[in-house]
Amino acid sequence: MGFLPSDSIGAAKMKINFAGFGKKGEAVLKLLKKRWLLIAALVLGLVLLCLPGGDGKTMASAKAEDRPEFSLEEEEKRISQALEKIAGVGEVSVMLTLKSSVEQRVARDESTQYRTLSEGYELSSESSAVRLQSNSGQEPIVLKYVYPEYKGALVVVENVSAAMRLEITNAVASLTGLSTDKISVVPGK
């Protein structure tokens, strides 16, 4: 079997010589000419299936990267920097307190059983975390992460007037979700 280049309209076509294969060879050639696009798509699909998927990360390592990072110090710094951009405020220091820390909600498998007793019914329930097998062992399936909830804020401001105090209080309330009665704005040294 040999390949002979074809000179038709400058296209890069190849002519396959099926001499010696008889009628079966001619039938294969006709099928290839009619269905070349379908065959090329199938070959490409098979090649793509053989390639490794994604960036080579396992599901467990991808899960570890999806965990949210929360730093109270970084949040305080971020809010301080935002408040310092308000005209006339000057240097600002923010201290936040938390009601809770970062929580993760995991998938749970729950089962409940009812038993009839002579004096009534007995209800028993059982719950366990659904786990995923990975290279590093079994890990729970995390459905979502819940960010911490703030309890209060103290803002120490270099220059503060009554109008500025209101602006700062509203800004901190917007950034933290705290009500204004949980925010104290005090003058600093």
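Residues numbered from 1 in each chain as written. Predicted model: local features only at pLDDT ≥ 70, side-chain atom pairs only at ≥ 80, totals over all residues. Heavy atoms only, no water.

A. Here's a closer look at the overall build of the protein chain. Secondary structure assignment for the protein chain yields 5 helices and 11 strands. Looking at the protein chain as a whole, 17% of its 189 residues qualify as buried. Taking all contacts inside the protein chain whose residues are at least 6 apart in sequence as the whole, residues at least 24 apart take part in 58%. (Helix = DSSP H or I, 4+ residues; strand = E, 2+ residues; numbered from the N terminus. Buried < 20%, exposed > 50% of the residue type's maximum accessible area, 1.4 Å probe, protein only. Contact = heavy atoms within 4.5 Å.)

B. Seen up close, the pattern of salt bridges. Under the defined criterion, the tally for this structure stands at 3 salt bridges. Between Glu149 and Lys99 there is a salt bridge, with the nearest N and O atoms lying 3.4 Å from each other. Placement of Glu149 in the loop between β9 (142-146) and β10 (150-157) and of Lys99 in the loop between β3 (92-98) and β4 (103-106) is noted, with a sequence separation of 50 residues between them. Among the ionic pairs, Glu122 bridges to Arg115, the shortest N-O distance being 3.6 Å. With relative accessibility at 33%, the residue Glu122 sits in the partly exposed group. (Salt bridge = Lys/Arg side-chain N within 4 Å of Asp/Glu carboxyl O.)

C. Region of interest: the environment of Glu76. Residue position: Glu76 is located in helix α4 (residues 72-84). Spatially, the C-alpha atoms of Glu76 and Met95 are 6.1 Å apart, while their sequence positions differ by 19 residues.

D. Summary view of a nonpolar patch on the surface. Taken together, the side chains of Val43, Leu44, Val47, Leu48 and Leu51 present a nonpolar region at the surface, about 460 Å² in accessible area. Positionally, Leu51 belongs in the loop between α2 (36-50) and α3 (59-66). (Patch = residues over 30% accessible without salt bridge, like charges linked within 9 Å, V, L, I, M, F, W, Y side chains within 5 Å. Areas by Shrake-Rupley, 256 points an atom, 1.4 Å probe, with all protein chains shown as cover.)

E. Focus on the confidence of the model for the protein chain. Across the protein chain, the average pLDDT comes to 78, with 79% of residues at or above 70. Predicted confidence for residues 1-12 stays below pLDDT 50, and this span has 15 contacts to residues more than four positions away or in other chains. In this model residues 58-62 is a low-confidence stretch, pLDDT under 50, and it forms 4 contacts with partners more than four residues away in sequence or in other chains. (pLDDT = per-residue confidence, 0-100.)

F. Seen up close, the nonpolar core. In this structure, Leu83, Val89, Val94, Val155, Ile168, Val172 and Ile183 are the most contacted members of the largest nonpolar core, which totals 19 residues. If one sorts the elements of this core by residue count, helix α5 (residues 162-176) sits on top with 5 residues. (Core = buried A, V, L, I, M, F, W, Y, C linked by side-chain atoms within 4.5 Å.)

G. Highlighting the sheet that holds strand β11 (residues 183-187). If you trace the 3 strands from one edge of the open sheet to the other, you get β3-β10-β11, paired in mixed fashion. Only two strands of the sheet have a single partner each, and these edge strands are β3 and β11. Between one strand axis and the next, the sheet turns by 15° as a mean value, whatever way the strands run. In the packing of α4 onto the sheet, contacts are made with β3 and β10, and the angle to β3 comes to roughly 140°. Where α5 meets the sheet, its contacts fall on β3, β10 and β11, and the angle it forms with β11 comes to roughly 140°. (Pairing = 2+ DSSP bridges. Axes fitted to C-alpha atoms, helices over the stretch in contact; angles between N-to-C directions.)

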